[in-house]
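Working through the structure, step by step
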Amino acid sequence: SPAAAPTFSAPAAPAPDRTVSSLTTTISTLAVSDGNVTVASRWGRDALRVVRLPSLRVAPNWPTSKTPLHYVTSAAFNAGGDLLAVGNDRGRVLLYRLKNP
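In what follows, the accompanying structure is described.

Definitions and limits used
Residues numbered from 1 in each chain as written. Predicted model: local features only at pLDDT ≥ 70, side-chain atom pairs only at ≥ 80, totals over all residues. Heavy atoms only, no water. Pairing = 2+ DSSP bridges. Helix = DSSP H or I, 4+ residues; strand = E, 2+ residues; numbered from the N terminus. Patch = residues over 30% accessible without salt bridge, like charges linked within 9 Å, V, L, I, M, F, W, Y side chains within 5 Å. Areas by Shrake-Rupley, 256 points an atom, 1.4 Å probe, with all protein chains shown as cover. Salt bridge = Lys/Arg side-chain N within 4 Å of Asp/Glu carboxyl O.

A closer look at the sheet that holds strand 2 (residues 36-40)
Ordered by their spatial adjacency, four strands build an open sheet running 1-2-3-4, and the pairing between neighbours is antiparallel. Lying at the two open borders of the sheet, with one neighbouring strand each, are strand 1 (29-32) and strand 4 (57-58). Examined bridge by bridge, strand 3 (residues 48-52) and strand 4 share two bridges and lie antiparallel to one another. Bridged to Arg-52 within strand 4 is Arg-57.

Here's the deal with a nonpolar patch on the surface
A cluster of nonpolar side chains, contributed by Leu-30, Val-32 and Leu-53, occupies part of the molecular surface with about 270 Å² of accessible area. Within the secondary structure, Val-32 sits in strand 1.

Below, the structure is given as structure tokens:
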């Protein structure tokens, strides 16, 4: 008689260490540096959050309601991780210096 076919099972998905509940639209942009992770969505106006590493805490004081991000299409850190460039749907690149928490 033929041998039984092996069965495979995928491991259960791991639980997240932290969620960013203040960003409620789909993430379209992710930028990582040694000390920060930036997540953004091009489908929400001013939808960008900076997550501090290793604490995994969302920066509470930036961006503010007066930060002119508009619809974020891209983001990148410099090699030192203290400058964040944010591109938007208006064709602008905004450069921000991030301070340590």
